[in-house]
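Tertiary structure, described
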Amino acid sequence: MGLQIDIQAIVANWQALAAKAPTARAAAVVKADGYGLGAAKIVPALYEAGARDFFVALAREGQAIRPHLPADARINVLSGHMEGADLTGLVPVINSPEQFFRDRAMRPGKPFAIQLDSGMNRLGMEPAEWSSLRDEALAAGPAFIMSHLACADEPEHPANAMQLAAFREMTEGVDLPLSLAATGGILLGKDYHFDLVRPGVGLYGGMPFADALPVVRLSLPVIQTRLVEPGEIVGYGATWTSDAPRRIATVAAGYADGILRILSGSGASLYADGVACPIVGRVSMDLVTADVTHLRQLPAELDLICPEQPIDAVADRAGTIGYEILTSLGHRYERSYL
Ligand SMILES: *Cc1c(COP(=O)(O)O)cnc(C)c1O
């Protein structure tokens, strides 16, 4: 019914990824409300399984999960110390000299970490900034030093080895925990693991962790069915015309719920107990139509996300990635947690 989220599968995926990096501690990335699945529900289960390090993008996200975690859980904020952020009980990952000086002035003695830019050019201190700040920053006692890979989901990409070399060079002689790998980096092998790994999407059943257990099932209630005659159209813009007498089912969700409109005519299906029913016509704001002519019996609900069509299959049809499908999942679904 609605959006089913299997917390035990998230825990099992975390354990499986942690086991692939046995020399490192495994954190859990729960930004964007746990990739759209509900961080407040997810973090206590991961804590119970042994996770002590969590990553969010924004201080506000950290404050939202702080009450759901014991005091010894470390909540790291990837955007670092932004002006006006409430970092009480959180650990900012400092991205620039400016953030460093702001943080030390406003939070003296409070824990912080450092992000270095090893080549992605998105967040983190550049090599030149780091070499001038390094002694002062290390003297202030960061909890760990991290960087992030741009192409870890492409094992053959030369940027991986280049970033690894850059990170090693920038952290040479540093006696602190180091962290480079997210889900993709874990799968690149032990050279990339260092002391702390930061899996995100793999916890939630997404690629590049091909062995992940499925976490999400999205079942949409059928509101109505009808027979359409040859030549009749379905949906906005009359983009689909029936070629034969067909039965069309209308389900109660649409692009306002994260079922991307580009899925119209993409070859994506809704599934009736594992049987594909092609989406026909346009996805509208609150409704999707599918061809169910071939079903002997129509179930009360049709699935958009299920083992037969996991998040990355939906993403392929929509020309995007599993991450975006997950984080687009709407707030109108009835959510249930297994
Ligand atoms: C999002 C993110 C992660 C997690 O990445 P996945 O690919 O989802 O595993 C780890 N580290 C940083 C800095 C991130 O931004």
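Residues numbered from 1 in each chain as written. Predicted model: local features only at pLDDT ≥ 70, side-chain atom pairs only at ≥ 80, totals over all residues. Heavy atoms only, no water.

A few points about the packing of aromatic side chains
Think of a pair of aromatic rings as described by two things: how far the centres are apart, and how the planes are tilted against each other in angle. One pass over the full model with this rule turns up 6 aromatic pairs. Ring centres of Phe55 and Phe144 lie 5.9 Å apart, and the angle between their planes is 75 degrees; this geometry places the pair in the edge-to-face category. Here the residue Phe55 occupies a position in strand S4 (residues 53-56), and Phe144 occupies one in the loop between helix H6 (127-139) and strand S8 (145-146), the gap between them amounting to 89 residues. As far as burial versus exposure is concerned, Phe55 and Phe144 are alike and both buried. Connected via pairs of aromatic rings, a cluster forms that spans Tyr35, Tyr204 and Tyr323. (Phe/Tyr/Trp six-rings, centres within 6.5 Å; stacked < 30°, edge-to-face > 60°. Helix = DSSP H or I, 4+ residues; strand = E, 2+ residues; numbered from the N terminus. Buried < 20%, exposed > 50% of the residue type's maximum accessible area, 1.4 Å probe, protein only.)

Examining the pattern of salt bridges
Evaluated as defined, the whole model comprises 12 salt bridges. Of the charged contacts in the structure, one is a salt bridge between Arg74 and Asp53, with a shortest N-O distance of 3.0 Å. Taken together, the residues span a long stretch of sequence, with Arg74 in strand S5 (residues 74-77) and Asp53 in strand S4 at a distance of 21 residues. A relative accessible area of 24% means that Arg74 is categorised as partly exposed. When its relative accessible area of 2% is taken as the criterion, Asp53 is described as buried. (Salt bridge = Lys/Arg side-chain N within 4 Å of Asp/Glu carboxyl O.)

Notes on the sheet that holds S5
Within a beta sheet, neighbouring strands are joined by backbone hydrogen bonds and run either parallel or antiparallel to one another. Spatial ordering of the open sheet is given by S3-S4-S5-S6-S7-S8-S9, a layout of 7 strands whose pairing is parallel. Looking along the sheet, the strands with just one partner apiece sit at the ends: strand S3 (28-29) and strand S9 (178-179). As judged from the 2 bridges shared by strand S6 (residues 91-94) and strand S7 (residues 113-115), these two strands associate in the parallel manner. Bridging from a neighbouring strand, Ile94 pairs with Ile114 of S7. (Pairing = 2+ DSSP bridges.)

A closer look at the domain arrangement of the protein chain
Domain annotation of the protein chain identifies domain 1 (7-204) and domain 2 (216-337). Centre-to-centre, using C-alpha coordinates, domain 1 lies 37 Å away from domain 2. Every contact between the two is made by 9 residues of domain 1 and, on the other side, 8 residues of domain 2. At the boundary of domain 1 with domain 2, total buried surface from both sides reaches about 810 Å², with 71% on carbon and sulfur atoms. Considering only the side of domain 1, the residues that lose the most area to domain 2 are Tyr35, Leu37 and Val201, jointly responsible for 52% of the buried surface there. Summed over the shared surface of domain 1 and domain 2, the number is 0 salt bridges. Here domain 1 is connected to domain 2 by 2 residue pairs in polar contact (both at pLDDT 80 or more). Considering only residue class, the side of domain 1 that touches domain 2 consists of 6 nonpolar, 2 polar and 1 charged. (Domains from an automatic or database assignment. Contact = heavy atoms within 4.5 Å. Buried area = accessible area lost by both parts, 1.4 Å probe. Polar contact = N/O pair within 3.5 Å; in protein donor to acceptor, adjacent residues only side chain to side chain. Nonpolar A, V, L, I, M, F, W, Y, C, P; charged D, E, K, R; others polar.)

A word on the UniProt feature "modified residue: N6-(pyridoxal phosphate)lysine" (unreviewed entry) in the protein chain
UniProt feature "modified residue: N6-(pyridoxal phosphate)lysine" (unreviewed entry): in the numbering of this structure it lies at Lys31. Here Lys31 lies in helix H2 (residues 31-35). Ignoring any residue separated from it by four or fewer positions in sequence, one finds Lys31 in contact with Phe55, Val56, Ala57, Glu61 and Leu78. (UniProt positions renumbered as here; feature names shortened; annotations may be inferred.)

Considerations on the packing of helix H1 (residues 7-20) against helix H3 (residues 39-49)
H3 packs onto H1 with a crossing angle of 45 degrees between their chain directions and a minimal axis gap of 10 Å. Our classification of the angle between H1 and H3 gives oblique. By crossing handedness, the relation of H1 to H3 is classed as right-handed. Only Lys41, Ile42, Ala45, Leu46 and Ala49 of H3 make contact with H1, whose side of the interface consists of Ile7, Ile10, Val11, Trp14 and Gln15. (Axes fitted to C-alpha atoms, helices over the stretch in contact; angles between N-to-C directions. Parallel < 35°, antiparallel > 145°, perpendicular 65-115°, else oblique. Left-handed = near helix turned anticlockwise from the far one by under 90°.)

A word on the nonpolar core
With 82 residues, the main nonpolar core has Leu46 and Phe54 as its most contacted residues. Two domains each provide a minimum of three residues to this core, namely domain 1 (7-204) and domain 2 (216-337). Setting aside residues up to four positions removed in sequence, Phe54 forms contacts with Ala28, Val30, Val43, Leu46, Tyr47, Leu69, Ala73, Arg74, Ile75 and Asn76. If you look at the next biggest cluster of nonpolar residues, it comprises 20 residues, including Leu116, Ala137, Met170 and Leu178. (Core = buried A, V, L, I, M, F, W, Y, C linked by side-chain atoms within 4.5 Å.)

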